[in-house]
Amino acid sequence: MYTIKKAEFMLCAAWSSQWPDESLPEVVMAGRSNVGKSSFINTVTNVQGLAKVSSTPGKTRTLNFFNINDEVRLVDVPGYGYAKVPKKMLEQFSEMIDNYLRNRKNLKAMILIVDYRHKPKDDDVTMYDYAKHFGIPVIVVATKEDKLKRNELVKNEKLIKETLDFDPSDHFVRFSSLKKKGVREVWDCILELCEERS
């Protein structure tokens with residue numbers, strides 16, 4: 001099990017000029033606004049409150065960089081699919097994310113967070129396709145695993161993979177913030193991909 005000795009919020013950046021240097025591998029996290037990315041970050045780092053859990057979905061407006069053990073950075077991008085965000089702002093978001101995914105040399109993988117209970121939305125499929133287009137390996141993390149009955153786990157995993165047209169070389173992790181399930185698997189995937197692509 002990967003031991004977290006240090007997990008800290010570094011900075012938020014609206015522009016590429018504000019991004020930290022490329023000395024550490026980075027893993028970007030994407031998902032819909034209400035899918036629980038902040039809870040995911042707090043669970044995998046074992047630091048409650050490291051990422052602020054907002055009662056207003058779609059609040060993240062920047063790329064947020066988190067330093068883990070001075071060995072890897074997690075990068076949280078604005079959640080997508082939230083209707084109340086103005087169109088102009090959505091365009092700025094997509095431009096910022098596009099710039100990061102296209103140009104960041106130390107980007108090793110994407111964690112795509114989906115709700116285990118539901119079929120992925122078109123936005124999720126688009127984000128997965130986008131990562132594949134740029135050759136970025138994906139770790140699909142299906143959250144809220146604890147809310148499913150045992151017989152639904154396999155059925156819903158199949159539905160998620162079929163909807164995304166899941167590449168077998170990617171990773172799929174069943175995750176629950178409540179039960180802290182899937183934390184070890186997430187770190188195993190992150191470290192493996194950072195090593196493979198170093």
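Here we summarise the structure given alongside this text. (Residues numbered from 1 in each chain as written. Predicted model: local features only at pLDDT ≥ 70, side-chain atom pairs only at ≥ 80, totals over all residues. Heavy atoms only, no water.)

With 14 residues, helix α5 (residues 183–196) should cover 20 Å at 1.5 Å per step; its first-to-last C-alpha distance of 20 Å lies within 8% of that length. Within α5, burial applies to V183, V186, W187, C189, I190, L193 and C194. On an axial view of α5, the arc spanned by its buried residues comes to 160 degrees, and they lie on one face. Opposite its buried face, α5 presents the exposed residues E195 and E196, each directed more than 90 degrees away. (Helix = DSSP H or I, 4+ residues; strand = E, 2+ residues; numbered from the N terminus. Expected span 1.5 Å × (residues − 1). Buried < 20%, exposed > 50% of the residue type's maximum accessible area, 1.4 Å probe, protein only. Arc of directions from axis to C-beta.)

Across the sheet, which stays open at both edges, the seven strands sit in the order β1-β3-β4-β2-β5-β6-β7 with mixed pairing between neighbours. Lying at the two open borders of the sheet, with one neighbouring strand each, are β1 (7–13) and β7 (171–174). For this sheet, the mean angle separating the axes of adjacent strands, direction not counted, is 25 degrees. In this sheet, strand β3 (residues 63–68) lies alongside β1 in antiparallel orientation, the contact comprising six bridges. Note that in β3 the partner of L11 across the bridge is F65. Contacting β1, β2 (26–31), β3, β4 (72–76), β5 (107–115) and β6 (138–143), helix α1 (residues 37–45) runs over the sheet at an angle of about 145 degrees to β2. (Pairing = 2+ DSSP bridges. Axes fitted to C-alpha atoms, helices over the stretch in contact; angles between N-to-C directions. Contact = heavy atoms within 4.5 Å.)

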